[in-house]
Amino acid sequence: MIEIISSGVLSPGEGCSPKVCIVGSGPAGFYTAQQLIKARQDVEVDIYERLPVPFGLVRFGVAPDHPEVKNVINTFTQTARQSRCSFYGNVDVGTDVSVEELRQAYHAVVLSYGAEGNRTMGVPGEDLAGVHAAKDFVGWYNGLPSCRQLRPDLSSETAVILGQGNVALDVARVLLSPLDILKMTDITQPALEALAESQVRRVLIVGRRGPVQVACTVKEVREMVNLPNARPEMVGADFEGVAEALKDLPRPRKRLTELMLKTALEVPGEKEQQRRSEASHAWGFRFFRSPVEILADPERSRTAGIRLAVNRLEGSGEGARAVLTGEVEDVTCGLVISSIGYKSLPIDPSLPFDSRKAIVLNNMGRVQRAAGLYCSGWLKTGPTGVIATTMNNSFDTARSLVEDMDLGTLDVSVVKPGSQSVAALLEKRGVKPVTFSDWEKIDRVELSRGEAVGKPREKLSVTDHNGHRQEMAL
Amino acid sequence: MAAAAVRSSMGLTLRLSRALPDCSNCPFHRSNGCVSGVSNLQRRGSFDSFRTINRHLQTSKGLYHGEEGRSNAEDPDDVVNVVYVDRSGQRIPVKAKVGDNVMYLAQRHGIELEGSCEASLACSTCHVYVNSSHFDKLAEPDEREDDMLDMAPMLQENSRLGCQIILKPELEGIELTLPKVTRNFYVDGHVPKPH
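All figures in this text were calculated on a predicted structure; none of them were measured in a lab.

### Comments concerning the overall build of chain B
In terms of regular secondary structure, chain B is built from six helices and five strands. The secondary structure elements of chain B, listed N-terminal to C-terminal, are α-α-α-β-β-α-β-α-α-β-β. Residue burial in chain B is summarised as follows: out of 195 residues, 47% are buried. Sequence-distant contacts in chain B: of pairs separated by 6 or more residues, those separated by 24 or more amount to 63%. When the accessible area of chain B is evaluated, it comes to approximately 9900 Å², of which 52% is carbon and sulfur surface.

### What to know about the nonpolar core
Counting 93 residues, the largest nonpolar core has L36 and F285 of chain A as its most contacted members. Listed in part, the 30 residues of the second largest apolar core include Y84, V94, A119 and V130 of chain B.

### Some thoughts on the UniProt feature "binding site: FAD" (unreviewed entry) in chain A
Residues and elements named next belong to chain A. Feature annotation in UniProt places "binding site: FAD" (unreviewed entry) on A28, E49, L57, V93, W378, G385, V386 and I387, given in this structure's numbering. Spatially, the listed residues are scattered: they cover 360 residues, and their C-alpha atoms lie as much as 24.8 Å apart. One can find L57 in helix 2 (residues 56-60). Judged by its relative accessible area of 33%, L57 falls in the partly exposed class.

### With respect to the sheet that holds strand 14 (residues 335-338) of chain A
Residues and elements named next belong to chain A. As summarised here, the arrangement of the six strands in space is 6-14-7-8-10-9, forming an open sheet in which the pairing is parallel. The open sheet has two edge strands, strand 6 (131-133) and strand 9 (230-232), and neither has a second partner. For this sheet the average axis-to-axis angle between neighbouring strands, irrespective of direction, equals 20°. Sheet analysis places strand 9 next to strand 10 (residues 281-286), joined by three bridges and oriented parallel. Bridged to P232 within strand 10 is W283.

### Quick word on the interface of chain A and chain B
Every contact between the two is made by 30 residues of chain A and, on the other side, 28 residues of chain B. It is K38, R251 and R399 of chain A that lose the most area in chain A upon contact with chain B, and together they represent 23% of the buried surface on that side. Between the two partners, chain A and chain B, sit eight salt bridges. Note that D150 of chain B is salt-bridged to R251 of chain A, the shortest N-O span being 2.8 Å. At the junction of chain A and chain B, the tally comes to 14 residue pairs in polar contact (both at pLDDT 80 or more). At the level of elements, helix 1 (27-39), helix 3 (72-80), helix 9 (218-225), helix 11 (251-265) and helix 14 (387-407) of chain A are the ones that each hand at least two residues to the side of chain A that touches chain B. With nine residues, the single largest contributor to the side of chain A that touches chain B is helix 14 of chain A.

### So, the UniProt feature "domain: FAD/NAD(P)-binding" (unreviewed entry) in chain A
Cross-referencing UniProt, the feature "domain: FAD/NAD(P)-binding" (unreviewed entry) maps to residues 19-175 of chain A in the present numbering. Segment residues 19-175 of chain A splits into 34% helix and 18% strand. End C-alpha atoms: 45 Å apart.

### Some details on unusual backbone geometry
All names here are of chain A. Positioned with a positive phi, N90 is a non-glycine residue whose angle comes to about 70°. Tracing the backbone shows N90 in the loop between strand 3 (85-88) and helix 4 (99-105). Unusually for a residue other than glycine, M364 sits at a positive phi of about 55°. If you trace the backbone, M364 turns up in the loop between strand 18 (362-363) and strand 19 (366-367).

### Details of the environment of W439 of chain A
All names here are of chain A. Summarising the element assignment, W439 is placed in helix 16 (residues 436-452). For the pair W439 and D411, spaced 28 residues apart in the sequence, the C-alpha separation amounts to 34 Å. Leave out the neighbours within four places in its chain, and W439 touches V53, P54, F55, R59, V434, E446 and R457.

### Here's the deal with the pattern of salt bridges
Residue and element names in this part refer to chain A. Applying the stated criterion across every chain, the model contains 42 salt bridges over all chains. One salt bridge connects K254 with E258, and the closest N-O pair in it is separated by 3.8 Å. Of the two residues, K254 and E258 both sit in helix 11, four residues apart, roughly one turn of that helix. The class for E258 is partly exposed, based on a relative accessible area of 35%. The salt bridge partner of R275 is E272, with a shortest N-O separation of 2.9 Å.

The rules behind these values
Residues numbered from 1 in each chain as written. Chains lettered and ligands numbered in written order. Predicted model: local features only at pLDDT ≥ 70, side-chain atom pairs only at ≥ 80, totals over all residues. Heavy atoms only, no water. Helix = DSSP H or I, 4+ residues; strand = E, 2+ residues; numbered from the N terminus. Buried < 20%, exposed > 50% of the residue type's maximum accessible area, 1.4 Å probe, protein only. Contact = heavy atoms within 4.5 Å. Areas by Shrake-Rupley, 256 points an atom, 1.4 Å probe, with all protein chains shown as cover. Core = buried A, V, L, I, M, F, W, Y, C linked by side-chain atoms within 4.5 Å. UniProt positions renumbered as here; feature names shortened; annotations may be inferred. Pairing = 2+ DSSP bridges. Axes fitted to C-alpha atoms, helices over the stretch in contact; angles between N-to-C directions. Buried area = accessible area lost by both parts, 1.4 Å probe. Salt bridge = Lys/Arg side-chain N within 4 Å of Asp/Glu carboxyl O. Polar contact = N/O pair within 3.5 Å; in protein donor to acceptor, adjacent residues only side chain to side chain.

Quick look at the structure:
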């Protein structure tokens, strides 16, 4: 059979390979790349990343005292080192190059840039000094360039965290962990020094609904219960009716609720009693409370407290709703961290974006009404889930894309210039991409600086564009 | 210098106590072709997690950390036949050895079982279902394994983390089914090649 080669297609040796571009180098980006390369021997994948360094929330979101979760970086590194995979850091899609330009250069574009925004509480006083989004606080202790200057005020005794997911517990744990533990992690040096001076002794983790509705998971609650030099302080009345509800709960929810019940209501043995009475730090869940206003200290125009509305629950289980009772309660505090969810942003006005759910509209990872455009990770399904969830989600998108290539729904017979044309655009615009081997140089420096001070790594404070050139001179 | 001496004496201690095999006669070791043996452990310089290869010694209540383990014996008594059922329902028989780690074994045979945290009980990506006749032959999961299983989609009564299952003779014939966690898996039985 003679194959008709249409004009525009070069000889089979050149330019025939399907070229895919992935925007974002976190778990979604890398797991999508991994599956694409595995599924088809001819696919070439280019990963673009806004920051000079890869790995997204694995590097900047996962807590410093959870190093095993970061082992996945080894898997991603294997993918990046494949000959058919290239990494281009320091490229801001939407600013340095548009999504449309990428779609012209590649057969397919996969948007995996996650959720860089956060949901706001929408209450007066939210902009006061002393109030931070959890995303920024986490970015601060993890060395995210844009959060380096956060300088959170840790001089008051009580910190209030709104939200009861795992991010809220990470923040609580970092605020209360003994320095001896933190100093052996990859927490950044400035954060470590600030925490060494911290006066925060009590952290309240506040949620609108009840114990059975918390979004966190059992491992993180266990870590709070076992935190050295910290005692739990819960309100027993918050757990009314919870013991009776246990038997109907699915296993994960049941184990978590049992642990919280035990911590809140069970009288501990003598040894634990003594440990608690000697603990200098305290933490506790506060349920059925919604933020109404951040209260300012009139002289200094900074946070002095938070006004919380008291709720009651209507319904039960996942679908239970918080209903205002009309009562309010004021809590004195100098630090308020709102941990009520991340949020994806539309980096390009041409993307079909659902502002309510803050996701790109898609079916099985195929962006609606946009042939050749796909999405994976939090941008696809919303900003919840751990690495495993994102992995499955990305595998799904990769399979949709491969299916489209295999079936011809996506035309990969046309030649596409791929990174060559993008590189030309970037050069014209004065953008110098960071390659994966550049990152590996940074990695080696961080590892050796960390070794010198007994940490797994000492993160460099890398910055975009001009900043990155300074780092390369190391 | 002192650290190297400590590592080498630790290696000797572990060999004498049969926690680690003696690699000196193994052809893979001599040709520098060994990917998971003692020399790797010593180079890494850490015995903190006591990466035991030999089934006789288990630390930490049966928790398995890190590297895949392989028995060096060619003894047929050390063979354990297992069957993986992949996400498209395809049955893949594997001839394994006592001491093999179910997760790494799957990966070596191109079965799509991820292990993102590298067997450190910090994820649930190696989640498998164990067939009922063999499920009770496994040691009870550690609380930490149960905590991670709680995060796995499609959790069932017979769910376990593959990285915590170390093959022993009693597990002959065990069947490990990969959960159909993605909504879009190969329907034609196509098995992707390992990367």
